[in-house]
Amino acid sequence: MYARIAGTGSYLPEHILTNEALAQRVDTSDEWIASRTGIRQRHLAAEAETTSDLALRAAERALAAAETERSEVDLIIVATTTPDHVFPSTACTVQDKLGLHGFPAFDVQAVCAGFVYALTVAEAMIKSGAVRCAVVIGAEKLSNIIDWNDRTTCVLFGDGAGAVVLKASEEPGILASKLHADGRYRDILKTPGHLKQGQVEGSPWIYMDGGAVFKFAVRALADVANETLAAAGVEQADVDWLVPHQANLRIIESTAKHLHLSMDKVIVTVDRHGNTSAASIPLALDEGVRSGKIRRGQTVLLEGIGGGFAWGSVLFKY
Ligand code: UT7
């Protein structure tokens, strides 16, 4: 028994903020942002649009692409760092917005690795026989936790959501996945603010030691990708597509180089989406599928890394 992706979907909020427009607000430039990160623009959710709204749209599109009735769904997992509330979970809200009730729904918090974590959990639940049809979503309204006066972080992030429908199948399917975390690095990328006695205690904004994150990411992503390939007995040369977390074009290029993959086998959306944390991989995956690049039967490698530190990778046959 395998867990197989039956369909993908995504949603980007309407409003686009270009580097040029951002440079009117903080001391930066299109040249600096594009040359350091590859980012040219990002989408931002409307004031009233919540993470569960973005997640719902992506889920609806994934269900349509998978030609799956809502009544078949028996698990929802939302990977997010920007939930609608402390509780209930965003997954419970999405379940209700889909008009569904009763089956398990929960959030996974692994920041930019959230989607690979969520997909791995859903796969395990399908393989155990506990469920047969999961909607796995990565959704973020990062604009809620961006300090728009901090040029070292505000240029990097965006909002959006991506989703897949993962079903029990006799055909492959997810072939292997590997997850890691190392809490010793929790201070290099964080939003420490938390609720305490009616107040937010600690900074409510994203903080990042960019250089330290960059170094860690390059090494960890190459290692985990090779570890996942080895677990599945698949050679680097047999990977048709790499769908990496979209944080920085230079990190993506470096990972591709370590894996001996040319950039024409890599799905890149960071230029248009920025870093959408848990949403970035399913957004890029959906773009790869809808553009006709990623085709049925091909071998696809996902990999993500972020705050925690948490990282991981999933290899599957589409
Ligand atoms: O999703 C989680 C994973 N996150 C990532 O993967 C991000 C990883 N890190 C990075 O992508 C890079 O470290 C950054 C893009 C964040 C920064 O690039 P960098 O080449 O490491 O730049 P830097 O932080 O060393 O800054 C270089 C200079 C500094 O000025 P001084 O001190 O040299 O005078 C910064 O103050 O660039 C300055 N700077 C900016 N200048 C214009 C920082 N941000 C900006 C900005 N515009 N937005």
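Up top is the structure.
Not measured: the values here are computed from a predicted model.

Draft legend 1. Looking closely at the side chain of Glu 49. Looking at where Glu 49 falls in the secondary structure, it is placed in the loop between strand S3 (41-44) and helix H3 (51-65). Look at Glu 49: it is buried, it has no salt bridge, and the nearest opposite charge is Arg 57 at 4.9 Å. For Glu 49, the contacting residues outside a window of four places in its chain are Tyr 11, Pro 13, Leu 54 and Lys 141.

Draft legend 2. Focus on the pattern of salt bridges. The final tally for this structure, using the stated rule, is 13 salt bridges. For Lys 196, the salt bridge is made with Glu 201, and the minimal N-O distance between the two is 3.5 Å. Within the structure, one salt-bridge network assembled from shared partners comprises Asp 271, Arg 272 and Glu 287.

Draft legend 3. Quick look at the sheet that holds strand S4 (residues 75-79). Strand order in the open sheet made by the five strands is S1-S7-S6-S4-S5, with mixed pairing throughout. Both edges of this open sheet fall to strand S1 (2-11) and strand S5 (105-108), since each of them pairs with a single strand only. Neighbour to neighbour, the strand axes of the sheet diverge by 20° on average, direction disregarded. Judged from the five bridges that link them, S4 and strand S6 (residues 133-140) form a sheet pairing that is parallel. Its bridge partner lying in S6, Ile 77 is registered against Val 136. Where H3 meets the sheet, its contacts fall on S1, S6 and strand S7 (160-169), and the angle it forms with S1 comes to roughly 125°.

Draft legend 4. Inspection of the site of the ligand at higher detail. Neighbouring the ligand are 23 residues; Thr 28, Arg 36, Arg 151, Asn 248 and Asn 275 lie closest to it. With respect to the ligand, the backbone of Arg 151 contributes an N or O atom lying 2.9 Å from a nitrogen atom. Note that a nitrogen atom of the ligand is positioned 3.1 Å from one of the backbone N or O atoms of Gly 210. Isolated, the ligand exposes 960 Å² of accessible area, and the fraction of that covered by the protein chains is 69%. For the shell around the ligand, the secondary structure elements donating two or more residues are helix H2 (30-37), helix H6 (151-154), helix H7 (210-232) and helix H8 (249-258). Broken down by element, the residue count for the shell around the ligand peaks at four residues, all from H7. Among the domains, domain 1 (2-170) and domain 2 (175-317) are the pair contributing at least three residues each to the shell around the ligand.

Draft legend 5. Summary view of the packing of aromatic side chains. The tally for this structure, following the rule as stated, stands at three aromatic pairs. Look at Phe 216 and Trp 311: their rings are 5.2 Å apart centre to centre, the planes differ by 80°, and that puts the pair in the edge-to-face class. Of this pair, Phe 216 sits in helix H7 while Trp 311 is found in strand S15 (residues 310-317), placing the two residues 95 residues apart along the sequence. There is no split in this pair, since Phe 216 and Trp 311 are both buried. The ring of Phe 216 has Arg 219 lying over it, and the distance from NZ or CZ to the ring centre is 5.4 Å. The residue whose ring lies beneath Arg 296 is Tyr 318, and the NZ or CZ to ring-centre distance is 3.8 Å.

About the thresholds
- Residues numbered from 1 in each chain as written.
- Predicted model: local features only at pLDDT ≥ 70, side-chain atom pairs only at ≥ 80, totals over all residues.
- Heavy atoms only, no water.
- Helix = DSSP H or I, 4+ residues; strand = E, 2+ residues; numbered from the N terminus.
- Buried < 20%, exposed > 50% of the residue type's maximum accessible area, 1.4 Å probe, protein only.
- Lys, Arg positive; Asp, Glu negative; His and termini not counted.
- Salt bridge = Lys/Arg side-chain N within 4 Å of Asp/Glu carboxyl O.
- Contact = heavy atoms within 4.5 Å.
- Pairing = 2+ DSSP bridges.
- Axes fitted to C-alpha atoms, helices over the stretch in contact; angles between N-to-C directions.
- Near = heavy atom within 4 Å.
- Polar contact = N/O pair within 3.5 Å; in protein donor to acceptor, adjacent residues only side chain to side chain.
- Areas by Shrake-Rupley, 256 points an atom, 1.4 Å probe, with all protein chains shown as cover.
- Domains from an automatic or database assignment.
- Phe/Tyr/Trp six-rings, centres within 6.5 Å; stacked < 30°, edge-to-face > 60°.
- Lys NZ or Arg CZ within 6 Å of the ring centre and 35° of its normal.

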